[in-house]
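What follows is each chain in one-letter form.
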Amino acid sequence: MTINDLNAALSYEEYKKRRQAFNEAKEAQEREIQEAEKRREVVRLADARNKLGVRNEKLAKLGDTAYRTFLTEYFTQLTMNTLNFINEKDRKTKRAVVESLTKAYFDQRDAKEMRRTFAATSQFLAEVNLVCDKYADIVMEKAKEKCEQCDKDKIDSDDVFKIEAPDKKAFYDDIDAVNADELTFTIRNRVMDAAQNFIDSYNRDKTELKSILKDTSDTVKFLKEGSNLVDYYEKKAVMKSKVITNKTYTPVFEAMVLGFSKSVYKNKALSESFMVSETELDTDSIREHCEVMYSFLEMLNTTKIETNPEEFLAKQMFDIANIE
């Protein structure tokens with residue numbers, strides 16, 4: 001073997017080594033690409049599963065959310081039908097209060113429990129429950145169809161979880177068939193009676209207090225200064241006054257007015273709306289506001305929506321007196 005043959009042999013061996021190294025590097029690179037693609041696929045599948053889980057959770061919640069929304073819509077309007085308004089601004093103000101109270105109430109109730117109890121409580125609630133449940137299902141089915149379309153179009157949209165205006169209109173058309181005239185009449189009369197009783201009681205107590213003070217003053221005038229009887233009659237007047245002001249039983253509407261008045265004194269935002277001066281309450285506005293709240297409570301009571309009225313009422317009275 002010549003030197004040239006040896007060099008050629010060495011060059012070929014070197015070439016084979018280099019070629020092998022190149023092939024191994026290429027294979028390693030391809031494996032890395034494949035592994036990266038697998039990792040991306042795992043992430044993509046996990047992301048897809050996560051999105052599907054979130055979507056299914058939203059769909060599941062949508063049925064209950066839509067059901068509560070339709071209940072809120074209907075019972076807000078039912079309560080509004082029991083109220084009087086002096087103008088459009090007054091109507092909007094009262095509706096905002098009623099809607100807020102109604103939404104807060106239904107949001108804290110379990111939808112499945114309401115469906116079950118409403119269906120068995122009364123014919124009225126059963127009918128309302130049927131219509132609300134029907135349109136909640138319609139909203140869910142439409143949302144599912146929209147989700148499937150979004151999958152085909154490969155887009156995400158939260159609009160699929162919204163209640164469309166046509167569905168709300170159709171709901172109102174159906175729910176109008178539920179007769180609530182007698183309930184509306186009953187609620188309105190009960191609220192009017194409660195408000196009138198409060199006014200009569202307030203005026204009666206005011207008259208009695210004035211009479212006690214006048215009688216005591218007239219009696220003391222005829223007594224000698226320093227007489228023990230002066231102290232006796234003054235203490236008697238205080239005792240009579242306490243009997244009037246500290247009643248053993250306070251009607252709900254009166255308790256509501258007194259409780260809300262306390263909150264007005266403590267809450268700056270309420271003070272700006274329900275006080276005519278730094279020390280004087282706007283009693284007419286407070287009474288009207290309490291009539292709206294009382295109408296809502298009476299609606300829950302008369303329609304038999306609230307299953308534990310005593311417990312619920314006690315909590316409401318506490319909350320009204322402690323608005324922060």
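Thresholds, definitions, all that
Residues numbered from 1 in each chain as written. Predicted model: local features only at pLDDT ≥ 70, side-chain atom pairs only at ≥ 80, totals over all residues. Heavy atoms only, no water. Phe/Tyr/Trp six-rings, centres within 6.5 Å; stacked < 30°, edge-to-face > 60°. Helix = DSSP H or I, 4+ residues; strand = E, 2+ residues; numbered from the N terminus. Lys NZ or Arg CZ within 6 Å of the ring centre and 35° of its normal. pLDDT = per-residue confidence, 0-100. Contact = heavy atoms within 4.5 Å. Axes fitted to C-alpha atoms, helices over the stretch in contact; angles between N-to-C directions. Parallel < 35°, antiparallel > 145°, perpendicular 65-115°, else oblique. Left-handed = near helix turned anticlockwise from the far one by under 90°. Nonpolar A, V, L, I, M, F, W, Y, C, P; charged D, E, K, R; others polar. Polar contact = N/O pair within 3.5 Å; in protein donor to acceptor, adjacent residues only side chain to side chain. Expected span 1.5 Å × (residues − 1). Buried < 20%, exposed > 50% of the residue type's maximum accessible area, 1.4 Å probe, protein only. Core = buried A, V, L, I, M, F, W, Y, C linked by side-chain atoms within 4.5 Å. Salt bridge = Lys/Arg side-chain N within 4 Å of Asp/Glu carboxyl O.

Trainee: Can you help me understand the packing of aromatic side chains in this one?
Mentor: Here a ring pair, both rings aromatic, is described through the centre-centre distance and the interplanar angle of the planes. Scanning the entire structure with this criterion turns up twelve aromatic pairs. Look at Phe75 and Phe124: their rings are 6.2 Å apart centre to centre, the planes differ by 80 degrees, and that puts the pair in the edge-to-face class. Note that Phe75 is positioned in helix α1 (residues 3–80) and Phe124 in helix α4 (residues 123–153), a separation of 49 residues in sequence. One aromatic cluster is present, formed by Tyr74, Phe75, Tyr105, Phe106, Phe124 and Phe296 through successive ring pairs. One Lys or Arg, Arg115, reaches over the ring of Tyr67 and ends 4.2 Å from the middle of that ring.

Trainee: How should the confidence of the model for the protein be read in this particular structure?
Mentor: Note that predicted coordinates carrying low pLDDT should not be read in detail. The pLDDT averaged across the protein works out to 77; a share of 72% of its residues lies at or above 70. Low confidence marks residues 212–224, where pLDDT is under 50. Its contacts with residues over four positions away, or in another chain, come to 13 contacts.

Trainee: Explain the packing of helix α8 (residues 252–266) against helix α10 (residues 283–302) here, please?
Mentor: Pairs of packed helices are described in terms of their axes, by the angle between the two and the distance that separates them. As a packed pair, α8 and α10 sit with axes 10 Å apart at the nearest point and diverge in direction by 125 degrees. One finds that α8 runs oblique with respect to α10. Considering how the two elements wind past one another, α8 and α10 form a crossing that is right-handed. Listed contacts from α10 to Val252, Phe253, Met256, Val257, Phe260, Ser261 and Val264 of α8 are Ile286, Arg287, His289, Cys290, Glu291, Met293, Tyr294 and Leu297. Counted by class, the contact of α8 with α10 contains eleven nonpolar, two polar and two charged residues.

Trainee: Would you mind showing me how to read the side chain of Arg109 here?
Mentor: You can see Arg109 is positioned in the loop between α2 (88–107) and α3 (111–121). Among the polar contacts made by the side chain of Arg109, one reaches the main-chain carbonyl oxygen of Ile305 at a distance of 3.3 Å.

Trainee: Is there a simple way to think about α8 in this case?
Mentor: In an α-helix, one turn spans 3.6 residues, which is why side chains three or four residues apart end up on the same side. For α8, built from 15 residues, the straight-helix expectation of 21 Å at 1.5 Å per residue is met to within 8% by its first-to-last C-alpha distance of 21 Å. Turning to α8, its buried residues are Phe253, Glu254, Met256, Val257, Gly259, Phe260, Ser261, Ser263 and Val264.

Trainee: What is the right way to look at unusual backbone geometry in this model?
Mentor: It is generally the case that most residues other than glycine have a negative phi and that most peptide bonds are trans. Despite not being glycine, Lys304 shows a phi value in the positive range, around 65 degrees. Summarising the element assignment, Lys304 is placed in the loop between α10 and α11 (309–321).

Trainee: Where do I start with the nonpolar core in this structure?
Mentor: Generally speaking, nonpolar side chains in soluble globular proteins are found buried as a group. Ranked by size, the top nonpolar core spans 54 residues in total, and within it Leu71, Tyr74, Phe75, Phe124, Val128, Phe260 and Ile305 carry the most contacts. Leaving out residues up to four positions away in the same chain, Tyr74 has contacts with Phe124, Val128, Phe171, Ile175, Val178 and Ala180.

Trainee: In this structure, what is going on with the pattern of salt bridges? I would like to understand it.
Mentor: Should their charged atoms come close, side chains of opposite charge can pair. As enumerated under the stated definition, the model contains 16 salt bridges in all. We note a salt bridge from Lys112 to Asp64, for which the minimum N-O separation is 3.8 Å. Of this pair, Lys112 sits in helix α3 while Asp64 sits in helix α1; the two residues are 48 residues apart in sequence, bridging distant segments of the chain. For Lys134, the salt bridge goes to Asp174, with nearest N and O atoms at 2.8 Å. Separated by 40 residues along the polypeptide, Lys134 in helix α4 and Asp174 in helix α5 (residues 165–175) bring together distant segments of the chain. Residue Lys134 is classed as partly exposed on the basis of its relative accessible area of 42%. The exposure class of Asp174 is partly exposed, given its relative accessible area of 27%. When salt bridges with common partners are traced through the structure, they connect Asp64, Lys112, Arg115 and Asp133 into a single cluster.

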